[in-house]
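# Architecture at a glance
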Amino acid sequence: MTAVLANDFRAQWDDIGDDVLAAVRRVGESGWYVLGEEVAAFERDLAGFHGTSYAVGVASGLDAIEIGLRAAGIGPGAVVVTTPLTAFATALAVMRAGAALRFVDVDDEGLIDLDAVEDLAAQTSIDAVLPVHLYGHPVNHQRLITAADAVGAVVLEDVAQAIGGRSDGQPHGSNTLGAATSFYPTKNLGALGDGGALLTNDAALAARARQLRDYGQVAKYEHAIPGLNSRLDELHAGVLRTAMLPRLEQALRRRREIADRYLNTIDHQAIRVPALPVEDSSWHLFPVFVEGGARDALKAWLAEADVQTAVHYPILASAQQALPQPEDPLQYPVAHRLATSELSLPIHPYLSDDAIDQVVSAVNAWRP
Ligand SMILES: *Cc1c(COP(=O)(O)O)cnc(C)c1O
């Protein structure tokens, strides 16, 4: 029995190393390291892969959300509604944009409850909705747009876990303001470091995002708005474009294959698996849910069987001390139940068939 890792960056390097070194050499030899040809070429290829007209490379997923909101004029005085079951970066980006945060509960799969967004509009006016395609599962576009229109809000989508994802065949971010993604190394399209991008069909939004990422410059040394330094560098863009992006389609296919195996072979009374068609999700994570307080026991059991797992997320974003007003986790009962019952099984693209079998055998053999 060998260790089954949550992510296998050594196996990844064996696969990509030569292509990464070629990209590094290309950028080095170009003599141009920030906002040049590589970033422009990667942005074109990424937009083409994802299915939006524009991609704007920035320094992180956190920045991509902040910049997307600010480019849309969402800042001080605005109210943004999001989900408590997400990476804290989602909420932090709203705080950094200067807008007020409101949370609503999630459904059983962990996705924002859009009925709750409509209910909230009876108490407070809402300027933007920030849904998260959590685990790679798609928030339904039609329902999203209906809810946002009903409350008079714009929508920016967090696709950090769902690059290339679609709902009813439409790319995320193509029917809304846009979508923000992350190239954090564990993400489906990861860099060898940090990075992010805003994906949109809106030329004006993309142009404002380009200003915001570069100190708010509208022309050289001319600053019209207070921006950030959030530039994607040429090295990361080069690596992403010629080492990572060409492997993404195949990696997403492998993630779906693994999810399919898990969905068809995990068979345990105490363990709930996601209930959606396997082809719908990008499967950034494979969450299982163990209710009744036994999640940590399953995690320990799998650790004994040399299977690494993780929890997404143990503390709700709405309960974090960094917020102006941290809320009681019980305020969002479904999100709270998922935060205490979720366990993520390994699903990276370098997982072997034997490793999948090892995970499934260990899960099915668990006696709570
Ligand atoms: C990773 C992640 C982010 C933040 O991305 P960074 O590049 O780490 O800043 C935001 N939202 C979600 C859902 C994420 O998974």
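Further up the page is the structure itself.
Presented here is a report on the structure given in the accompanying data block. (Residues numbered from 1 in each chain as written. Predicted model: local features only at pLDDT ≥ 70, side-chain atom pairs only at ≥ 80, totals over all residues. Heavy atoms only, no water.)

## Concerning the site of the ligand
Taken together, 15 residues sit near the ligand, with Gly61, Asp158, Gln161, Ser182 and Lys187 positioned nearest. Take Gly61: an N or O atom from its main chain is 2.8 Å from an oxygen atom of the ligand. Ser182 places a side-chain nitrogen or oxygen 2.6 Å from an oxygen atom of the ligand. Protein burial of the ligand: of its 380 Å² of free accessible surface, 89% is covered by the chains. When the residues that make up the shell around the ligand are grouped by side-chain class, the tally is 6 nonpolar, 7 polar and 2 charged. (Near = heavy atom within 4 Å. Polar contact = N/O pair within 3.5 Å; in protein donor to acceptor, adjacent residues only side chain to side chain. Areas by Shrake-Rupley, 256 points an atom, 1.4 Å probe, with all protein chains shown as cover. Nonpolar A, V, L, I, M, F, W, Y, C, P; charged D, E, K, R; others polar.)

## A look at the pairing of strand β5 (residues 154-158)
The buried fraction of β5 amounts to 4 of the 5 residues, a majority that puts the element mostly inside the structure. Sheet topology note: the strand β4 (residues 128-130)/β5 ladder contains 2 bridges and is parallel. By the bridge assignment for β5, Val129 is matched with Val155. Sheet topology note: the β5/strand β8 (residues 178-182) ladder contains 3 bridges and is parallel. (Buried < 20%, exposed > 50% of the residue type's maximum accessible area, 1.4 Å probe, protein only. Helix = DSSP H or I, 4+ residues; strand = E, 2+ residues; numbered from the N terminus. Pairing = 2+ DSSP bridges.)

## Topic: helix α2 (residues 37-50)
Spanning 14 residues, α2 covers 20 Å between terminal C-alpha atoms, matching the ideal 20 Å at 1.5 Å per step. When we look at burial in α2, the residues that qualify are Glu38, Val39, Ala41, Phe42, Glu43, Leu46, Ala47 and His50. A positive phi of about 105° marks Gly51, the residue just after α2. (Expected span 1.5 Å × (residues − 1).)

## A look at the packing of α2 against helix α8 (residues 234-265)
The N-to-C vectors of α2 and α8 enclose an angle of 20°; their axes lie 7 Å apart at closest approach. By the criterion of interaxial angle, the relationship of α2 to α8 is roughly parallel. Here α2 runs over α8; the crossing is left-handed. Residue-level contacts link Glu37, Glu38, Val39, Ala41, Phe42, Asp45, Leu46 and Phe49 of α2 to Glu234, Ala237, Gly238, Leu240, Arg241, Leu245, Leu248, Glu249 and Leu252 of α8. Residue classes in the contact of α2 with α8 are distributed as 10 nonpolar, 1 polar and 6 charged. (Axes fitted to C-alpha atoms, helices over the stretch in contact; angles between N-to-C directions. Parallel < 35°, antiparallel > 145°, perpendicular 65-115°, else oblique. Left-handed = near helix turned anticlockwise from the far one by under 90°. Contact = heavy atoms within 4.5 Å.)

## What about a nonpolar patch on the surface?
On the surface, a nonpolar cluster with roughly 290 Å² of combined accessible area is contributed by Trp13, Leu21 and Leu192. Within the fold, Trp13 resides in helix α1 (residues 9-30). (Patch = residues over 30% accessible without salt bridge, like charges linked within 9 Å, V, L, I, M, F, W, Y side chains within 5 Å. Salt bridge = Lys/Arg side-chain N within 4 Å of Asp/Glu carboxyl O.)

## A closer look at the packing of aromatic side chains
In total, this model carries 4 aromatic pairs according to the counting rule given. Seen in terms of ring centroids, Trp283 and Phe286 are 5.3 Å apart; in terms of plane orientation they differ by 25°. Their pairing is stacked. (Phe/Tyr/Trp six-rings, centres within 6.5 Å; stacked < 30°, edge-to-face > 60°.)

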